[in-house]
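Spelled out from the first residue to the last, the chains are:
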Amino acid sequence: MTDRADTAAPSVTNATPALRPRSIALVAVFAALITAAAIVPGIPVGSLGVPITLQTLAVMLTGLCLGPLRGGLAVLLYLVVGFVGFPVFSKGQSGLGVLAGPSAGYLVAFLVAAVVVGFAASRVARRRPATWAPLFFVSAMLTSIVFVHGLGILGMVVNADLSLADAFKADLVFYPGDVIKNLVAASAAAAVHRAFPDLLARRPR
């Protein structure tokens, strides 16, 4: 009986990776990073005033560094903090009311993007280090195009009453900045993984 009880007892070593103290700390740190990126004043563009911000850079970096689970949790923590009333969104906004604005699709896309690019990063990190930066960049760009821009366009169609064609045109202005931000995120993530090679490779024993 004693042996079986000892075997069945949960331990810190066998805990879910996302619930380990180190993982909890990383989730909190990267959620704070996204918040800091949102605080930096954005550049409003177009008639809708949807700003160009550093948030997408922070979100992509979060997913590339932490992987799908912890990266998703970091973005989820950031969103929950904003939804309950803390002014952590762009332009100091907060609350659920932001989901009725023209940038709502981009905000929702952050969570999806972190999970998707994090999943891709967990596969890329198994390859040779020389391939990390370019493959991280490709992963980030594809995620941006499909999910961030896709959901962003959908948000403008729903909340700003734009046609699909007009929303697509309004979204095009964000592409040059995204290329630069994804290059920075990919290079930074590759450097992080070289410095901490077990960041994505850790598994419960």
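Keep in mind that this is a model prediction, so the values were computed, not measured.

About the cut-offs
- Residues numbered from 1 in each chain as written.
- Predicted model: local features only at pLDDT ≥ 70, side-chain atom pairs only at ≥ 80, totals over all residues.
- Heavy atoms only, no water.
- Helix = DSSP H or I, 4+ residues; strand = E, 2+ residues; numbered from the N terminus.
- Buried < 20%, exposed > 50% of the residue type's maximum accessible area, 1.4 Å probe, protein only.
- Contact = heavy atoms within 4.5 Å.
- Areas by Shrake-Rupley, 256 points an atom, 1.4 Å probe, with all protein chains shown as cover.
- pLDDT = per-residue confidence, 0-100.
- Axes fitted to C-alpha atoms, helices over the stretch in contact; angles between N-to-C directions.
- Parallel < 35°, antiparallel > 145°, perpendicular 65-115°, else oblique.
- Left-handed = near helix turned anticlockwise from the far one by under 90°.
- Nonpolar A, V, L, I, M, F, W, Y, C, P; charged D, E, K, R; others polar.
- Patch = residues over 30% accessible without salt bridge, like charges linked within 9 Å, V, L, I, M, F, W, Y side chains within 5 Å.
- Salt bridge = Lys/Arg side-chain N within 4 Å of Asp/Glu carboxyl O.
- Expected span 1.5 Å × (residues − 1).

Attention shifts here to the overall build of the chain. Along the chain, the regular secondary structure elements total seven helices and two strands. Counting from the amino terminus, the chain carries its helices and strands in the arrangement α-α-β-β-α-α-α-α-α. Sorting the 205 residues of the chain into buried and exposed places 40% on the buried side. In the chain, once contacts between residues fewer than 6 apart in sequence are set aside, the share between residues at least 24 apart is 71%. Only carbon and sulfur atoms are counted for the fraction: they give 72% of the accessible area of the chain, which is about 10600 Å².

Below, the discussion takes up the environment of Val-157. Tracing the sequence through the fold places Val-157 in helix 5 (residues 132-159). For the pair Val-157 and Phe-168, spaced 11 residues apart in the sequence, the C-alpha separation amounts to 9.2 Å. Filtering out sequence-adjacent residues up to four positions away, Val-157 remains in contact with Leu-162, Ser-163, Leu-164 and Ala-167.

Turning to the confidence of the model for the chain, a few remarks are in order. With 83% of its residues at a pLDDT of 70 or more, the chain has an overall mean of 87. For residues 1-14, every residue scores under 50 in pLDDT, and the model assigns this stretch five contacts once sequence neighbours within four places are set aside.

Another point: the packing of helix 4 (residues 104-124) against helix 5. The contact between helix 4 and helix 5 brings their axes to 8 Å, and the two run at 160°. Here helix 5 runs roughly antiparallel to helix 4, going by the angle between their axes. Classified by chirality, the crossing of helix 5 by helix 4 is right-handed.

Interaxial distance between helix 3 (residues 55-83) and helix 4 falls to 8 Å at its minimum, and their mutual angle equals 155°. By the angle between their directions, the pair helix 3 and helix 4 is classed as roughly antiparallel. The handedness of the crossing between helix 3 and helix 4 comes out as left-handed. Residues that form the contact of helix 3 with helix 4 fall into these classes: 17 nonpolar, eight polar and no charged.

Turning our attention to a nonpolar patch on the surface. On the surface, Leu-69, Leu-73, Leu-76, Val-80, Val-84 and Phe-86 cluster together to form a nonpolar patch covering roughly 530 Å² of accessible area. Residue placement: Val-80 occurs in helix 3. The exposure class of Val-80 is partly exposed, given its relative accessible area of 40%.

Quick look at unusual backbone geometry now. Residue Lys-91 is not a glycine yet carries a positive backbone phi of 65°. For Lys-91, the position within the fold is in the loop between helix 3 and helix 4. Positive phi is not limited to glycine here, since Asp-161 has a value of about 55°. Its location among the elements puts Asp-161 in the loop between helix 5 and helix 6 (164-171). Asp-161 gets classed as exposed once you look at its relative accessible area, which sits at 70%.

Now for the pattern of salt bridges. Counting across every chain of the model gives two salt bridges. For Asp-198, the salt bridge goes to Arg-22, with nearest N and O atoms at 3.6 Å. Of this pair, Asp-198 sits in the segment after helix 7 (175-195) while Arg-22 sits in helix 2 (residues 21-39), and the two are 176 residues apart along the sequence. By relative accessible area, Asp-198 is classed as partly exposed at 31%. In this structure, the salt-bridge partner of Asp-178 is Lys-181, at a minimum N-O distance of 3.6 Å. With Asp-178 and Lys-181 both in helix 7 and three residues apart, this pair spans about one turn of that helix. Of the two residues examined, Asp-178 and Lys-181, each falls in the buried class.

We now examine helix 5. Taking 1.5 Å of rise per residue, the 28 residues of helix 5 would be expected to cover 40 Å, and the 38 Å separating its terminal C-alpha atoms lies within 8% of that figure. Asp-161 lies just past helix 5 and shows a positive phi near 55°.

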